[in-house]
Structures are given as structure tokens and as C-alpha cells.
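# Architecture at a glance
Listed below are the residues making up each chain.
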Amino acid sequence: MDLKAHIRTIPDFPKPGILFYDISTLLAHAEAWRETVERLADAVRAYRPDVLAAIESRGFIFAAPVAYKLGIGFTMVRKVGKLPGAVVSHAYDLEYGSDTLQVAEGLVPAGSRVVLIDDLLATGGTAQASVQLLRKVGAEVAGAVFLIELMGLKGRARLDVPMTTLLGYEGG
Ligand SMILES: O=P(O)(O)OC[C@H]1O[C@H](OP(=O)(O)OP(=O)(O)O)[C@H](O)[C@@H]1O
Ligand SMILES: Nc1ncnc2[nH]cnc12
């Protein structure tokens with residue numbers, strides 16, 4: 001099945017000049033959604049994870065059925081201020097300014113093999129910050145899996161873990 005046929009592109013969202021790759025149309029199509037979950041699960045399984053880590057918020061949509069299918073748990077990598085209780089944080093630089101990601105303390109056992117999952121790799125800033133955060137809590141990041149890669153933005157070069165993407169687009 002051609003999954004790209006189910007991803008809608010919207011020009012100038014959320015800012016002028018950005019071509020937005022919208023997964024809403026894929027999620028709404030039962031067969032495309034099922035095929036996506038199957039293919040992501042195969043890619044994730046190859047890294048032999050003990051647990052998944054999912055990046056807020058679109059990453060949660062994909063991580064939940066994949067974790068269920070593989071019979072493992074998943075941990076949420078969240079934007080600052082969303083997680084209750086003790087958290088571990090990692091601040092990272094954006095093009096302008098900075099941001100912080102957090103995970104709950106004590107949920108990822110030290111030394112466990114973690115696979116990171118998200119819908120889309122653009123500049124790779126969010127994914128690489130997530131890798132660093134997971135290492136801070138003692139995880140071994142075995143790999144990262146994305147549905148979409150915007151190859152023009154060269155996020156792949158920023159990630160220092162093995163990675164698999166299902167759909168590559170030249171632009172970004
Ligand atoms: O590779 P990067 O340049 O870091 O960009 C990729 C990130 O941007 C999007 O999330 P966004 O921050 O828009 O949040 P959302 O998932 O909550 O919509 C996407 O889901 C990735 O997490
Ligand atoms: N062009 C894009 N489309 C959808 N999500 C994104 N996240 C970062 N860049 C994006």
C-alpha cells in the first residue's frame with residue numbers, strides 16, 4: 001500500500017514557507033492506519049527493545065499501538081511542565097531560544113534498551129534531545145523509528161543512534 005497517498009500536505013502551516021505533512025488523513029483511513037502500525041512495529045522489533053519512548057504529542061499516537069503489539073511498555077517524553085511527580089529534564093537549543101523535554105524519574109530501568117518513536121524527523125533537534133534525555137536516565141538508546149523523514153532538513157546527520165524511517169520526502 002502506498003502510505004504517502006494518505007498523507008496530506010498543507011502549505012504555509014503553521015508559518016509561511018512551511019509545507020506541513022499532515023498525518024490526520026492517514027489516521028482516518030482504517031487500512032492505511034493498520035498498515036502503518038504493522039510496518040512501524042516491524043521496524044521497531046528489529047532493534048529488540050525492552051521499552052519504547054514516545055515524543056509528545058504525535059509520537060504517542062504511534063507508540064501506543066506498537067508497544068501493545070510488541071507486548072512492551074512505553075514512556076512519554078514530554079514538553080516541560082506536563083509530567084507530575086519527580087522528573088528528569090534536558091534543555092536543548094532551538095533555532096531561536098531553547099526548550100526542555102522531561103521524562104518521569106524511575107520508569108525506564110537503567111541499562112534497558114529503548115527505542116524512540118515519533119511521527120516525523122525534520123531537523124532532528126527534538127529527537128536528538130530525547131536521545132540525550134534517555135541517556136541521562138541510564139537507558140541504552142538502541143534505535144529510533146519515524147514514519148516520515150524530511151530529508152532536506154538533514155535530521156539524520158544529527159542523530160547518533162541507528163534509525164529507520166518509512167517514508168522519505170526530498171523537501172522539508
Ligand atoms: O526534527 P524537529 O525539527 O525537531 O521536528 C520534529 C518534531 O516536530 C513535530 O512535533 P511538534 O513540536 O510540532 O509537536 P506535536 O507533535 O505536539 O504537534 C514532530 O512531531 C516532531 O516531534
Ligand atoms: N513540515 C512539517 N510537517 C509536519 N510536522 C512537522 N514537524 C516539523 N516540521 C514539520
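Since we're looking at a predicted model, the values are computed, not measured.

### Examining the overall build of the chain
- When helices and strands are counted, the chain shows five helices and nine strands.
- Counted from the first residue to the last, the chain has its helices and strands arranged as β-β-α-α-β-α-β-β-β-β-α-β-α-β.
- Taken over C-alpha atoms, the radius of gyration comes to 16 Å for the chain, in line with the 16 Å a tight globule of 172 residues would show.
- Viewed in the frame of its principal axes, the chain has a C-alpha envelope of about 40 × 40 × 30 Å.
- Looking at the chain as a whole, 47% of its 172 residues are labelled buried.

### So, helix α4 (residues 125-136)
- With twelve residues, α4 extends 17 Å between its outermost C-alpha atoms, agreeing within 8% with the 16 Å of an ideal straight helix rising 1.5 Å per residue.
- Among the residues making up α4, those that are buried are G125, A127, Q128, A129, S130, V131, L133 and L134.
- Immediately beyond the C-terminal end of α4, within one or two residues, lies G138, with a positive phi of roughly 90°.

### Topic: the nonpolar core
- The biggest cluster of nonpolar side chains holds 30 residues, and the ones touching the most others in it are I7, V66, L147 and I148.
- Among the secondary structure elements, those contributing two or more residues to this core are α2 (30-45), β3 (51-55), α3 (58-70), β7 (113-121), β8 (140-150) and β9 (163-169).
- For this core, the leading source of residues is α2, giving six residues.
- What I148 contacts, discounting residues up to four positions off in sequence, is I7, Y21, I23, D119, L120, L121, L167 and Y169.
- If you look at the next biggest cluster of nonpolar residues, it comprises 25 residues, including A53, V108, L116 and V137.

Calculation rules
Residues numbered from 1 in each chain as written. Chains lettered and ligands numbered in written order. Predicted model: local features only at pLDDT ≥ 70, side-chain atom pairs only at ≥ 80, totals over all residues. Heavy atoms only, no water. Helix = DSSP H or I, 4+ residues; strand = E, 2+ residues; numbered from the N terminus. Rg over C-alpha atoms; globule rule 2.2 N^0.38 Å. Buried < 20%, exposed > 50% of the residue type's maximum accessible area, 1.4 Å probe, protein only. Expected span 1.5 Å × (residues − 1). Core = buried A, V, L, I, M, F, W, Y, C linked by side-chain atoms within 4.5 Å. Contact = heavy atoms within 4.5 Å.

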